[in-house]
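# A closer look at the structure
For reference, the chains in residue letters:
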Amino acid sequence: MLRLLYAAILGVVGAGIVHIAILFMLPSYSERDIWSRISSVAAPYTAIRLDRETLKGTPSRPTNPFLTAAACRFDLSDGPVHVTAPGAVPMWSMSIYDSDGLNVFGLSDRTATDKRFDLVVLTPPQMQKVRAEVPAGFARSVFVETGTGEGIVLVRVLMPDESWQSVIDTFLDGLKCTPMPLE
Amino acid sequence: MLKTVLLTLLALAIAVGGGAGSVWMMLENAPPIGALEAGPWTSFPDAGTRNADPYSRARFAREGGAPLGRAEGIVFSASRDSAGRSLRRNCTYRIEGPVPSARFWTLHAADVSGALLPPLGRRRPALHSEMILHRQDDELIITVSPEPSPDNWLAITGRGAMQLILTLLDTPLSSGFQVGELALPEILLVGCDA
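Residues numbered from 1 in each chain as written. Chains lettered and ligands numbered in written order. Predicted model: local features only at pLDDT ≥ 70, side-chain atom pairs only at ≥ 80, totals over all residues.

## Remarks on the overall build of chain B
Helices and strands together make up the secondary structure of chain B, namely two helices and 10 strands. For chain B, the α and β elements follow one another from N to C terminus as α-β-β-α-β-β-β-β-β-β-β-β. At 21 Å, chain B has a C-alpha radius of gyration far larger than the 16 Å of a compact globule built from 194 residues. Dimensions along the principal axes, computed over C-alpha positions, put chain B at roughly 80 × 45 × 30 Å. (Helix = DSSP H or I, 4+ residues; strand = E, 2+ residues; numbered from the N terminus. Rg over C-alpha atoms; globule rule 2.2 N^0.38 Å.)

## A short note on the overall build of chain A
Of regular secondary structure, chain A possesses four helices and nine strands. The helix and strand sequence of chain A, counted from the amino end, reads α-α-β-β-β-β-β-β-α-β-β-α-β. With the principal axes as the frame, chain A shows a C-alpha extent of 80 × 45 × 30 Å. Taken across its 183 residues, chain A has 34% of its residues classed as buried. (Buried ≥ 20, exposed ≤ 12 C-beta atoms within 10 Å, placed from the backbone.)

## Observations regarding the interface of chain A and chain B
Each side of the interface is counted separately: chain A has 46 residues, and chain B has 48 residues. Counting only elements with at least two residues in the side of chain A that touches chain B, the list comes to α1 (2–29), α2 (34–41), β4 (92–98), β5 (103–108) and β8 (150–158) of chain A. Among the elements that take part in the side of chain A that touches chain B, α1(A) stands out by supplying 17 residues, more than any other. Partitioned by chemical class, the residues of the side of chain A that touches chain B number 27 nonpolar, 12 polar and seven charged. (Contact = placed C-beta atoms within 7 Å. Nonpolar A, V, L, I, M, F, W, Y, C, P; charged D, E, K, R; others polar.)

## Some points on the sheet that holds strand β7 (residues 142–145) of chain A
Residues and elements named next belong to chain A. Spatially, β7-β6-β3-β9 is the arrangement adopted by the four strands of the open sheet, whose pairing is mixed. Strand pairing shows two members of the sheet lacking a second neighbour, β7 and β9 (176–179), which therefore form its edges. The mean angle between the axes of side-by-side strands here comes to 20°, regardless of whether they run parallel or antiparallel. One ladder, built from four bridges, connects strand β6 (residues 117–122) with β7; its direction is parallel. The partner of V120 across the bridge, within β7, is F143. (Pairing = 2+ DSSP bridges. Axes fitted to C-alpha atoms, helices over the stretch in contact; angles between N-to-C directions.)

## With respect to the sheet that holds strand β4 (residues 91–97) of chain B
Residue and element names in this part refer to chain B. Within the open sheet, the four strands sit side by side as β8-β7-β4-β10. Their pairing is mixed. The open sheet has two free edges, formed respectively by β8 (153–155) and β10 (186–192), since each of these has just one partner strand. For this sheet the average axis-to-axis angle between neighbouring strands, irrespective of direction, equals 20°. Taken together, the five bridges between β4 and strand β7 (residues 140–145) define a ladder with antiparallel strand orientation.

## Some words on helix α2 (residues 54–63) of chain B
Among all positions of α2(B), only S56(B), R57(B), A58(B), R59(B), F60(B) and A61(B) are buried. Against the buried residues of α2(B) lie α1 of chain A together with α1 (2–29) of chain B. Where α2(B) ends, the next residue or the one after it, G64(B), has phi of about 75°, a positive value.

## Looking at the pairing of strand β9 (residues 163–169) of chain B
Residues and elements named next belong to chain B. Counting buried positions along β9 gives six out of seven residues, so the element sits mostly inside the fold. Across six bridges, the pairing between strand β3 (residues 73–78) and β9 is antiparallel. Counterpart to I74 in the pairing with β9 is L168. As defined by bridge partners, strand β5 (residues 104–110) adjoins β9 across seven bridges and the pair is classed as antiparallel. Each bridged residue has a counterpart across the sheet, and for F104 the counterpart in β9 is L169.

## A few points about the packing of α1(A) against α2(B)
It is at 8 Å that the axes of α1(A) and α2(B) come closest, and there the two elements cross at 40°. Relative to α2(B), the element α1(A) lies oblique. Here α1(A) and α2(B) pass one another in a crossing that is left-handed. Of α2(B), the residues touching α1(A) (which contributes L23(A), F24(A), L26(A) and P27(A)) are P54(B), Y55(B), R57(B), A58(B), A61(B) and R62(B). (Parallel < 35°, antiparallel > 145°, perpendicular 65-115°, else oblique. Left-handed = near helix turned anticlockwise from the far one by under 90°.)

## Considering the nonpolar core
In this structure, A71(A), V153(A) and V155(A) are the most contacted members of the largest nonpolar core, which totals 71 residues. Non-local contacts of V153(A), meaning those with residues more than four positions away in its chain, are made with A71(A), C72(A), F74(A), V83(A), M94(A), I96(A), V121(A) and C177(A). (Core = buried A, V, L, I, M, F, W, Y, C linked by C-beta atoms within 7 Å.)

## What about the environment of A15(A)?
Residues and elements named next belong to chain A. Locating A15 in the fold gives a position in helix α1. The class for A15 is buried, based on 22 C-beta atoms found within 10 Å. The sequence separation of A15 and P179 amounts to 164 residues, and the corresponding C-alpha distance is 47 Å.

## Observations regarding the domain arrangement of chain A
In many analyses, interface size is given as the accessible surface area lost on bringing the parts together. Splitting chain A by domain gives domain 1 (1–30) and domain 2 (34–179). Here domain 1 of chain A and domain 2 of chain A have C-alpha centroids that lie 42 Å from each other. (Domains from an automatic or database assignment.)

## A word on the environment of A115(B)
Residues and elements named next belong to chain B. Turning to its location among the elements, A115 is positioned in the loop between β5 and β6 (126–128). We classify A115 as partly exposed; it has 14 C-beta atoms within 10 Å. As a C-alpha pair, A115 and Q163 span 48 residues in sequence and 9.7 Å in three-dimensional space.

Below is the structure:
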């Protein structure tokens, strides 16, 4: 009887360990996060629109009918990535997600010059190099420093009504992510 | 010998079954930690960031999604009215009160899973701050109803539960909010279709 009790106590302690192990392992094995979903359909530096049927298994999270988005993956070990989109839209904002799909940085168009979408995402050491000598083409860009090596740039655009459709299509279809290796 | 094997199996079964089961229970049923609440509205500003607690992290990993960053905005959802009754799609509600300052806000009706409700004709169950008729003070009045109504009408259809989702874009609220000062509109039940 005592041995049965001993086994039960051992089981409960084990359950605690299993509970904690599953809890902390779940995020890294998930295939539903934004990183896994985008990397299964798009190569790095290829921009895709998230409002079209590009992602398998449409988003289960609340989706705002007035927001549309496009995104691309990057790897900062290739050098800073230059992200641009043409034209002017009513309002844009962007977030950087790391390779676990967590939001690590957000920015709205208030930060940009003339609300143009022109960003350079880089690591702090790359920022140091760029600061010493700003490469041509980066003159009007907003610099975004991030600690994540691999990540996703996701741009959200507000579409107040359907009359903006063509402007927003131009903007999102024109999203470009270009790696810019430093010397 | 056989007794030892059986006891070992029992301990293992309790460990694996209990561990997995308790995680599942916590993720399915337990209320998330770190919610920001104002009247009927709740928000999880830390969801999907590195500041989230392990349970929110795991729940987020299961659900997926791309949450707004703090500089982008903040999302509030309500699945109950101000009196605590769950929101029904065949009822009429009046949303009344102040909206925190934001460059732009949107309000839409979604089903329990978060998908937008089907449109009524060409009218989507969604409004934004530039479609709204404002009163002279900053307060706003929106009627959420399956029946047409004057002024601001958020058209809903169907039956069953729903939630209302208020998204504030580019708002000072999301970067350094004060819970005590946060005032969001009330959701008042007007009546229900039988």
